[in-house]
Amino acid sequence: MSDVPSPEQNKRILMAKTGLDGHWRGPTIVATALRDAGFEVIMIGMVKAEEVVQAAIDEDVDLIGLNIGGHIDVAVRAVQSIQKSCQGVPVFAGGVVPPHAKRKLEALGVEVYPPGSQLPEIVSAARRLTGLSGA
Amino acid sequence: MQSQTDSKRWLTASGIPLKDFYLPSDIPDSHRKVAETAPGEPPFHRGAYPTGYRTKPWRIFQLSGFGKPEDENERIKFLLEQGETGFLMEHDRNTADHLYNVDHPEVAARREDVGLTGAVMQSVRDIDICLKDLPIDSTYGHAGGAVVQHAPFALAGYWTVAQRRGYDLKRLPGTGQSDYFLTYLGCVTKQQVPTDAGLRLNADIIEFCNEHLPRWVPVSIAGYNGADSGLNAPQELGALFANAVEYLEEIKRRGRMPLAQAARACGGVSFRISMDVFEEASKLRAARLMWTQLLKEHYDIADPKVSNLRIHVVTAGSRMQYQQPLNNIVRGTLMGLAAVLGGVQSLGVSGYDEALSIPSEHAHQMSVRIQQILQQETNIAAVTDPLGGSYYVETLTAQLIERAWAFFDEIQRQGGFLACLDSGWLHQQAAENQHKEFLAQAEGLQQIVGVTDHTDDISPFEVDGFMGVDDAYDVALERLNTVRRERHEAGARGAMQALEQACRNEDNIMPAMMAALNAEVTLGEVGDIYREAWGDWATPIQT
């Protein structure tokens, strides 16, 4: 291990669940992969839209990952709150997101990684969205 | 010896190394004698009953529910018309898992989620609507209450409806679940009672059924929920029996019912069946043998009526892929086949749209059809334990048993099943397996058709998931307010006080819960009583 900090170590990612569904398998795997890649990951679990916004501000994060386990309108509300109050902080999402819901999120500028997405793909998205690599 | 023709290591899904082929000498000596027993004989690994499916086809038992109670009622009727032979009630998870009413701030903030994964049932009136015109006196029903803290409410609701319809509880068939693996391991709720309070609730249910509902399966340990979170086959087995030991020890400590009766009550369990056909079929064989062994060696119970484990299986939801979803019909068929080869009593096949939503009507119908094709067209129901005597399967069965007891022993060393949930040790085991599996996929060692391979599908999204209904929240809120307005308030208050009393002392809470449901006490009010009496579980993982 090198003592020189990786650029990822300066990047903070907030991960939250928009629903009251406690399946943790997906977000935990993603958080582990992001931490292995050097990112600092803050997990806040099942929270309401305003709690995501508050945590994003308090923790001064560079990227927000939403785990979506319910109705798409709940997730859309969370994204809209984030975009209003945390301008410039990108959002990506995963979870049970059927195609119609994926399209709604993408229209808001959210990158969506549905089940079956591979970890390297998600890690490279995190690098790109935090400005560590080109588009 | 490893194959010389391929550098890939051949392993089972749980990591047991596999040979090119198996010979009689591969079967461990300790297992050889056992392998020669017949189905229906202890230690039962060859099957719970000698005549198998000839005399009793496995029950077609599909999880179902969404929206308003009447939406769920309609879907259950549809499934029964399609040939389902038992039915399950799924309660809305936002409200039921947390014991919140819909006007709880956590639920109201996500109102569109309400009814998405189960019907909202906040009072006995809702449960009555959900069960409208269903033959609950003669059909094996699952009352819901998969979650430990929700079970007393769900069961008391179902039983109250049955009583009001004039049915004798002594003859009522069915089950609940009250499963620790679900919300303490696989799908952790935001707020739930601590594990020791949950144990008390489950012991209360077991004792209450022993006295009043002898045909009811009071609790059903669901290894499924551990396995679909990451526990591998021997871990699922070891943890499931460590869980059973917690129930038996608690019943023994309380000393209010014969232990053999309690063992009988705990002997209806559920497992997950995933894609490794032979390991999974062997797992069910291993389970039956282990239960017989456990009861004999730890509790000196050898009555075959008690020690033959009955198994329900649900095929692995996590193996149903988002990409090219129609491929999942094949996966459901293969997992269903493995379950039948392993000798299940009851089976649910996940919907092909599992990765997208709860099942659409068509996905549900397919799950029933898969089972009907297996039962009626393949002739696999003709002979009990068709895998018995296979050098490979007998060896694998013995290897799984050995590894599962090692995991069981490790759990005991760490203070038992509940202690391993409280400490997060089981979560850690599951998470490590998940992580390894995803790394294996990334490295190309594990291939999934349509996901990591053969991804060039011409119409990847011919399925868009089930949309549900959009009025579940509004109707639930209106009905909640109606109950509050119309019920006999003094009666409801009295019932709540009695329930609170029962929670605080050592009485069985079920009589008070029955009275509370009858007095139209609501779900959220029961939750408030629990939270006041027992507080919250300190969740050992961050999600």
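All values derive from a computational prediction rather than experimental measurement. (Residues numbered from 1 in each chain as written. Chains lettered and ligands numbered in written order. Predicted model: local features only at pLDDT ≥ 70, side-chain atom pairs only at ≥ 80, totals over all residues.)

Visitor: Looking at this structure, how should I read the overall build of chain B?
Guide: Helix and strand counts for chain B come out as 23 helices and 8 strands. Its C-alpha atoms give chain B a radius of gyration of 23 Å, within 12% of the compact-globule value 24 Å for 543 residues. For chain B, the C-alpha atoms occupy an extent of roughly 75 × 60 × 45 Å along the three principal directions. Classification of the 543 residues of chain B by burial places 55% in the buried group. Across chain B, every contact between residues at least 6 apart in sequence was considered, and the portion connecting residues at least 24 apart equals 78%. (Helix = DSSP H or I, 4+ residues; strand = E, 2+ residues; numbered from the N terminus. Rg over C-alpha atoms; globule rule 2.2 N^0.38 Å. Buried ≥ 20, exposed ≤ 12 C-beta atoms within 10 Å, placed from the backbone. Contact = placed C-beta atoms within 7 Å.)

Visitor: Which parts of the structure should I look at to understand the environment of Val47(A)?
Guide: All names here are of chain A. Inspection of the secondary structure assignment puts Val47 in the loop between β2 (40–46) and α2 (49–59). Given 20 C-beta atoms within 10 Å, Val47 falls into the buried group. It is 26 Å that separates the C-alpha atoms of Val47 and Arg128, two residues lying 81 residues apart in sequence. If sequence neighbours within four positions are ignored, Val47 has contacts with Ala16, Lys17 and Val52.

Visitor: What is the right way to look at helix α21 (residues 489–504) of chain B in this model?
Guide: Every α-helix carries 3.6 residues per turn, so stepping three or four residues along brings you back to the same face. Residue and element names in this part refer to chain B. Here α21 is 16 residues long and its end C-alpha atoms lie 23 Å apart, about the 22 Å a rise of 1.5 Å per residue gives. For α21, the complete set of buried residues consists of Ala492, Ala495, Met496, Leu499, Ala502 and Cys503. Mapping the buried residues of α21 onto a view down its axis gives an arc of 120°, with all of them on the same face. Turned more than 90 degrees from where α21 packs its buried face, Ala490 and Arg504 sit exposed. Taken together, the buried residues of α21 touch α22 (510–518) and α23 (523–534). (Expected span 1.5 Å × (residues − 1). Arc of directions from axis to C-beta.)

Visitor: I keep staring at the sheet that holds strand β1 (residues 59–60) of chain B and nothing clicks. Help me out?
Guide: Picture the strands of a sheet paired through backbone hydrogen bonds; they go either parallel or antiparallel. All names here are of chain B. Ordered in space as β1-β8-β7-β6, the 4 strands form an open sheet in which the pairing is parallel. Unpaired on one side and paired on the other, β1 and β6 (268–273) mark the two borders of the sheet. Each of β6 and β7 (310–315) is contacted by helix α13 (residues 277–299), which is oriented at about 160° to β6, the strand it contacts most. Contacts from helix α15 (residues 327–342) reach β6, β7 and β8 (346–348), with the element oriented near 165° to β7. (Pairing = 2+ DSSP bridges. Axes fitted to C-alpha atoms, helices over the stretch in contact; angles between N-to-C directions.)

Visitor: What am I meant to see in the nonpolar core here?
Guide: In a soluble, globular protein the nonpolar side chains are often hidden away together inside. Ala75(A), Ala93(A), Met290(B), Leu499(B), Met513(B) and Ala516(B) are the most contacted members of the largest nonpolar core, which totals 209 residues. In contact with Leu499(B), other than residues within four places in its own chain, are Ile509(B), Ala512(B), Met513(B), Ala516(B) and Ile529(B). (Core = buried A, V, L, I, M, F, W, Y, C linked by C-beta atoms within 7 Å.)

Visitor: Sorry if this is basic, but what is going on with the interface of chain B and chain A here?
Guide: Accessible area lost on assembly of the parts is the figure often given for the size of an interface. Contact with chain B, which involves 36 residues of that partner, is made by 30 residues of chain A. Residue assignment for the side of chain B that touches chain A shows that the elements contributing at least two residues are α4 (93–96), α8 (180–186) and α19 (425–442) of chain B. The element contributing the most residues to the side of chain B that touches chain A is α19(B), with 6 residues. Residues that form the side of chain B that touches chain A fall into these classes: 13 nonpolar, 16 polar and 7 charged. (Nonpolar A, V, L, I, M, F, W, Y, C, P; charged D, E, K, R; others polar.)

Visitor: Explain the packing of helix α1 (residues 25–36) of chain A against helix α5 (residues 119–129) of chain A to me, please; I cannot follow it from the model alone.
Guide: Packed helices, taken two at a time, are described by the angle between their axes plus the distance between the axes. All names here are of chain A. Contact geometry of α1 with α5 gives a least axis separation of 10 Å together with a crossing angle of 60°. By the criterion of interaxial angle, the relationship of α1 to α5 is oblique. Crossing angle aside, the handedness with which α1 passes α5 is right-handed. Contacts between α1 and α5 involve Val30, Ala33 and Leu34 on the former and, on the latter, Leu119, Ile122, Val123 and Ala126. (Parallel < 35°, antiparallel > 145°, perpendicular 65-115°, else oblique. Left-handed = near helix turned anticlockwise from the far one by under 90°.)

Visitor: Is there a simple way to explain the sheet that holds strand β5 (residues 111–113) of chain A in this structure?
Guide: Residues and elements named next belong to chain A. Pairing within the open sheet is parallel, and its 5 strands lie in the order β2-β1-β3-β4-β5. Each edge of the open sheet is held by one strand with a lone partner, namely β2 and β5. Each adjacent strand pair in this sheet contributes to an overall mean axis angle of 20°, direction not counted. Packed onto the sheet, α1 meets β1 (12–17), β2, β3 (63–68) and β4 (91–95) and runs at close to 165° relative to β2. The sheet strands contacting α5 are β1, β3, β4 and β5, and the helix crosses β5 at an angle near 165°.

Visitor: Would you explain the packing of helix α7 (residues 151–164) of chain B against α22(B) in this entry?
Guide: All names here are of chain B. Two elements in contact, α7 and α22, have axes separated by 9 Å at closest approach and are oriented at 60°. Classified by chirality, the crossing of α22 by α7 is right-handed. On α22, the residues that touch Pro152, Phe153, Ala156, Gly157, Trp159 and Thr160 of α7 are Met510, Met513, Met514, Leu517 and Asn518. Along the lines of polarity and charge, the residues of the contact of α7 with α22 split into 8 nonpolar, 3 polar and no charged.

Visitor: What am I meant to see in the pairing of β3(A) here?
Guide: A regular strand carries its side chains on alternate faces of the sheet. Residues and elements named next belong to chain A. Most of β3 is tucked away: 6 of the 6 residues are buried. Residues Leu63, Gly65 and Asn67 point to one face of β3 and Ile64, Leu66 and Ile68 to the other, with burial holding for every one of them. Relative to β3, β1 runs parallel, the two being bridged by 5 bridges. Note on β3: the bridge partner recorded for Ile13 is Leu63. In this structure, β3 lies alongside β4, joined through 5 bridges in parallel fashion. Bridging from a neighbouring strand, Leu66 pairs with Ala93 of β4. Assessed by its sense of winding, the connection that carries the chain from β3 through helix α3 (residues 72–85) to β4 is right-handed. (Right-handed = clockwise from strand over helix to strand, strands pointing away.)

Visitor: Honestly, the pairing of β7(B) in this entry has me stumped. Any pointers?
Guide: Residues and elements named next belong to chain B. Within β7, 5 of the 6 residues are buried, which leaves it mostly tucked inside the rest of the structure. Strand direction decides the pairing type here: β6 and β7, joined by 6 bridges, are parallel. The residue of β7 that forms the bridge with Ser270 is His312. By the bridge criterion, 3 bridges tie β7 to β8 in an arrangement that is parallel. Looking at the pairing, His312 lines up with Ser346 of β8. At this point the chain moves from β7, through α15, to the parallel β8, and the crossover so formed is right-handed.

Function-wise, these values are silent; they only describe arrangement.
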